[in-house]
Amino acid sequence: MGMSVTISVATEQDAEQIFRLQYLCFQSEAALYGNYRIDPLVETLDAVREEIASDCVFVARLGDEVVGAVRGKVTEDGAAAIARLCVHPRLQGHGIGARLLRAAESALAGERGATLFRLETGHRSEGNLRLYRRVGYEAVGRAKGTDGVDLIILEKPAATYATTA
Ligand SMILES: CC(C)(COP(=O)(O)OP(=O)(O)OC[C@H]1O[C@@H](n2cnc3c(N)ncnc32)[C@H](O)[C@@H]1OP(=O)(O)O)[C@@H](O)C(=O)NCCC(=O)NCCS
């Protein structure tokens, strides 16, 4: 790529950049479903701030610019819910999304003790599904998002992390 993108834990100073990046990146998903009220587009800046404080949030940086983000948290059943993976459209297709996912998985399985990783994507989001399958996720079911989008639920046991990372 000729430039160095680094992955690190998000700080509260990153909230605004994550908020804006998410709004930009999820426009393509909104267009795909003809729904501009999907969760990542209606989330508030305060909600992003709260997630940085309590959840496991990683960013990809190019210099001072936040060019990618992902977040995850361990839920009551011991599974880690990973969400909001996004990479700036001009930098997609260079492996940054996969790197963010790995960073989140590593932290969630490590310090947060997750036994399983779980994520969801819209049923028509072929690129997302390909990426998730390629890094070891399998579809386990379907759900209806609060935004009305039909979702595919994918899971990967945390135990396979070491061999698939
Ligand atoms: C989903 C998303 C985060 C992926 O980010 P990304 O950085 O493009 O992801 P990657 O580069 O790791 O993988 C994407 C593709 O690039 C390919 N790729 C990875 N590294 C590459 C490299 N060095 N050279 C060429 N291609 C590469 C991958 O094989 C993959 O191809 P595929 O689509 O055929 O599977 C990004 O497309 C995005 O922000 N989408 C909009 C928001 C969204 O839908 N998020 C997911 C919510 S569930």
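Read on for an overview of the structure. Here the structure is a predicted model, which is why all the values come from computation and not from measurement. (Residues numbered from 1 in each chain as written. Predicted model: local features only at pLDDT ≥ 70, side-chain atom pairs only at ≥ 80, totals over all residues. Heavy atoms only, no water.)

### A short note on the side chain of Lys 156
- Summarising the element assignment, Lys 156 is placed in strand E7 (residues 150–157).
- At a separation of 3.3 Å, a polar atom in the side chain of Lys 156 contacts the side chain of Glu 105. (Helix = DSSP H or I, 4+ residues; strand = E, 2+ residues; numbered from the N terminus. Polar contact = N/O pair within 3.5 Å; in protein donor to acceptor, adjacent residues only side chain to side chain.)

### Quick look at the site of the ligand
- Taken together, 21 residues lie near the ligand, and Leu 85, Val 87, Gly 93, Gly 95 and Gly 97 sit nearest.
- The contact in question runs from an oxygen atom of the ligand to an N or O atom on the backbone of Ala 98, over 3.0 Å.
- One nitrogen or oxygen atom from the side chain of Asn 128 is found 3.0 Å from an oxygen atom belonging to the ligand.
- Isolated, the ligand exposes 930 Å² of accessible area, and the fraction of that covered by the protein chains is 71%.
- Spatially, the ligand is embedded in the largest pocket.
- For the shell around the ligand, the elements supplying multiple residues, two or more each, are helix H2 (27–33), strand E4 (79–87), helix H5 (96–109), strand E5 (116–122) and helix H6 (126–134).
- At five residues, the largest contribution of residues to the shell around the ligand is made by H6.
- Tallied by class, residues from the shell around the ligand come to nine nonpolar, eight polar and four charged. (Near = heavy atom within 4 Å. Areas by Shrake-Rupley, 256 points an atom, 1.4 Å probe, with all protein chains shown as cover. 1 Å grid on protein atoms, 1.4 Å probe; cavity = no way out; pocket = protein on both sides within 12 Å on 5 of 7 lines; lining within 4 Å. Sits in = over half its atoms within 2 Å of the grid points. Nonpolar A, V, L, I, M, F, W, Y, C, P; charged D, E, K, R; others polar.)

### Examining the sheet that holds strand E2 (residues 56–62)
- Here seven strands make up an open sheet; going across it, the order is E1-E2-E3-E4-E5-E7-E6 and the pairing mixed. This sheet does not close on itself; its edge strands, each paired only once, are strand E1 (6–9) and strand E6 (138–144). Averaged over all neighbouring strand pairs, the angle between strand axes comes to 25 degrees, with direction disregarded.
- Across the sheet, H6 is in contact with E4, E5 and E7; its angle to E5 comes to roughly 165 degrees. (Pairing = 2+ DSSP bridges. Axes fitted to C-alpha atoms, helices over the stretch in contact; angles between N-to-C directions. Contact = heavy atoms within 4.5 Å.)

### Some remarks on the layout of surface pockets
- Each pocket or cavity is described by its volume, and for the largest pocket that value is around 1300 Å³.
- Along its surface, the largest pocket is lined by 48 residues, and Phe 26, Arg 84, Leu 85, Glu 120 and Tyr 132 are the ones closest to its centre.
- Within the residue set of the lining of the largest pocket, elements represented by two or more residues are H2, helix H3 (39–42), strand E3 (65–74), E4, H5, E5, H6 and E6.
- Per-element accounting of the lining of the largest pocket gives the leading share, seven residues, to E4. (Points joined across faces, edges and corners; volume = space filled by probe spheres on them.)

### Section: the pattern of salt bridges
- Tallying each qualifying case throughout the model produces ten salt bridges.
- One salt bridge connects Asp 46 with Arg 49, and the closest N-O pair in it is separated by 3.1 Å. Taken together, the positions of Asp 46 and Arg 49, both in helix H4 (residues 45–54) and three residues apart, correspond to about one turn of that helix.
- Residue classification places Asp 46 among the partly exposed positions, given a relative accessible area of 47%.
- Judged by its relative accessible area of 39%, Arg 49 falls in the partly exposed class.
- Here Arg 118 ties to Glu 155 by a salt bridge, and the two come within 2.8 Å at their closest N and O atoms. Here Arg 118, found in strand E5, pairs with Glu 155, found in strand E7; they are 37 residues apart in sequence, far enough to count as distant.
- Look at Arg 118 and you get partly exposed, because its relative accessible area is 24%. (Salt bridge = Lys/Arg side-chain N within 4 Å of Asp/Glu carboxyl O. Buried < 20%, exposed > 50% of the residue type's maximum accessible area, 1.4 Å probe, protein only.)

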